[in-house]
Amino acid sequence: PAVLQMSGSQPQGGRGVPCLRCRGLCRGFEPHSWRKICKSCKCSQEEHSLSSELDDDLKIGRLLSGSRHASLTARLKGGHGGRIYKRNRMIVTNPNVSGKDPTFDTITYEWAPPGLTQKLAMQYMELVPRELQPVAGTDGALQRRRRLARQLPLHDQDPAQCHGLAEGEQHLMEEFVTKYKAEALGVGEVALPGQGGGGKEEEKPQDKNTDPGRAPESPNGALESTAGNYLCDSCQQPVPGDCPVVYAERAGYTRQWHPACFVCCRCAEPLVDLIYFWKSGAAWCGRHYCESLRPRCAGCDEIIFSEDYKQVEGLAWHNKHFACVECESLLMGKPFALANASLLCTTCSQSRR
């Protein structure tokens, strides 16, 4: 059977770790005072080293606590009241009988859908592109953790991680987080077609934004096709009745997705650990959902809660972060250049040529 394990602590990443993108030109991560980048090479901390697995599990535990998915978290020991993600890791042992003495090959998946038999969980994994399967020690596991960092930044849920909040704005952010947990946050459920939500579609909330032009729904909660199969909501291709699909409770159980088709409607990235935000009849990753409601500062990468901010060519900045990426001089009311979403004063712009 699938094994449920709590991830253990690992060394803290970041400071002192060479940048992967700079190929040795940056000797180590030097944190900026408010930008989410290295002060030395201007690359993100993600390019130097990811946060520890424990930090990731604490972040997701915080996100899911206070939501309808709090059951996927556990209380932290020590009485601090915090919660940690009960990330489901799956360990598969396969006998290798090619030699005289049989041996066993053990494969560890850093994440697998919870609540499934190992057979169904393995069927799910086989429907995910091999390069994205989160097998420990592979690029797929690394890509999962990179998606955790990109799609679910901690500063989108924890005011203590923000540098852009002005006095009096912390409560606005707290209300923002409380609201998206109640109205949009969800975790996909994996089941065979027609079995999502325990097969009790009539008891589940339905999407209020359903397109009236959609195909008629069958009594068993699936969109009918001419072949009598279920259809994927994204690619509209049939789904065999013996292949697992993803359900999103906030979408209603009349809609299902191939595992590879459950992606963010904005960036098309696979939704990490099936964590989604539902809006306008579609699933979003956390980053793009938050940006659909409030602007994001191109300087500090945080959501802007002030109504007074700077906008240039579709990008936004806190007024205090409208500064040159090289010399940090404020550029409000001054000439500037915009290069790859970064601001440069005229002097630094000319020195780059």
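Please refer to the structure higher up on the page.
An account of the accompanying structure is given in this report. (Residues numbered from 1 in each chain as written. Predicted model: local features only at pLDDT ≥ 70, side-chain atom pairs only at ≥ 80, totals over all residues. Heavy atoms only, no water.)

## Let's talk about the sheet that holds strand β10 (residues 275–279)
Using the following cut-off: At least two bridges found by DSSP between two strands is the condition for calling them paired. In this text, helices come from DSSP runs of H or I with a minimum length of four residues, and strands from runs of E with a minimum of two, each type numbered from the N-terminal end. As a rule, the C-alpha atoms of each element are fitted with a line to give its axis, helices using only the stretch in contact, and angles between N-to-C directions run from 0 to 180 degrees.
Sheet architecture is open: three strands sit in the order β5-β10-β11, paired in antiparallel fashion. Each of the sheet's edge strands pairs with one partner strand only, and the pair in question is β5 (185–187) and β11 (282–284). Pairwise comparison of adjacent strand axes, ignoring direction, gives a mean angle of 45 degrees for this sheet.

## A word on the packing of helix α2 (residues 53–64) against helix α4 (residues 139–151)
Selection criterion: Angle categories are assigned with fixed cut-offs, so that under 35 degrees is roughly parallel, over 145 is roughly antiparallel, 65 to 115 is roughly perpendicular, and the rest are oblique. Each helix crossing is assigned a hand: it is left-handed if the near helix lies turned anticlockwise from the far helix by less than a right angle, otherwise right-handed if that turn is clockwise. Note on contacts: a residue pair is in contact if any heavy atoms of the two residues lie within 4.5 Å.
Here α2 crosses α4 at 45 degrees, and the two axes come no closer than 11 Å. One way to sum up the angle between α2 and α4 is to call them oblique. Once α2 is placed against α4, the crossing between them reads as left-handed. Along the contact surface, α2 presents Glu 53, Asp 56, Lys 59 and Ile 60, while α4 presents Arg 145, Leu 148 and Ala 149.

## Some thoughts on the nonpolar core
As a reminder of what qualifies: Working definition of a nonpolar core: buried Ala, Val, Leu, Ile, Met, Phe, Trp, Tyr and Cys residues. They are joined through side-chain atoms within 4.5 Å. Residue exposure (1.4 Å probe, protein chains only): buried if accessible area is under 20% of the type maximum, exposed if over 50%, otherwise partly exposed.
In terms of nonpolar packing, the biggest core is built from 59 residues, with Phe 262 and Phe 277 touching the most fellow members. The element best represented in this core is helix α3 (residues 118–126), accounting for five residues. If we skip the residues at most four places from it in the chain, Phe 277 touches Leu 63, Leu 152, Tyr 180, Ala 184, Leu 185, Ala 282, Ala 283, Trp 284, Cys 285, Gly 286 and Tyr 289. Membership of the second largest hydrophobic core comes to 15 residues, among which are Leu 331, Leu 343, Leu 344 and Cys 348.

## Considering the pattern of salt bridges
Where we set the bar: Think of a salt bridge as a Lys or Arg side-chain nitrogen and an Asp or Glu carboxyl oxygen that are within 4 Å of each other.
Taken as a whole and assessed by the stated rule, the structure comprises 18 salt bridges. The partner of Arg 87 in a salt bridge is Glu 110, and the shortest N-O contact between them spans 3.4 Å. Of this pair, Arg 87 sits in the loop between β2 (83–85) and β3 (90–96) while Glu 110 sits in the loop between β4 (103–109) and α3, and the two are 23 residues apart along the sequence. Assigned by exposure class, Arg 87 and Glu 110 land together as buried. Two residues, Asp 233 and Arg 255, come together in a salt bridge whose shortest N-O distance is 3.0 Å. With Asp 233 in the loop between β7 (230–231) and β8 (238–239) and Arg 255 in the loop between β9 (245–247) and β10, the pair connects residues that are 22 residues apart, well separated along the chain. Relative accessible area serves as the criterion here: at 14%, Asp 233 is assigned to the buried category. Where salt bridges share partners, they join Glu 53, Asp 57, Arg 87, Arg 89 and Glu 110 into one cluster.

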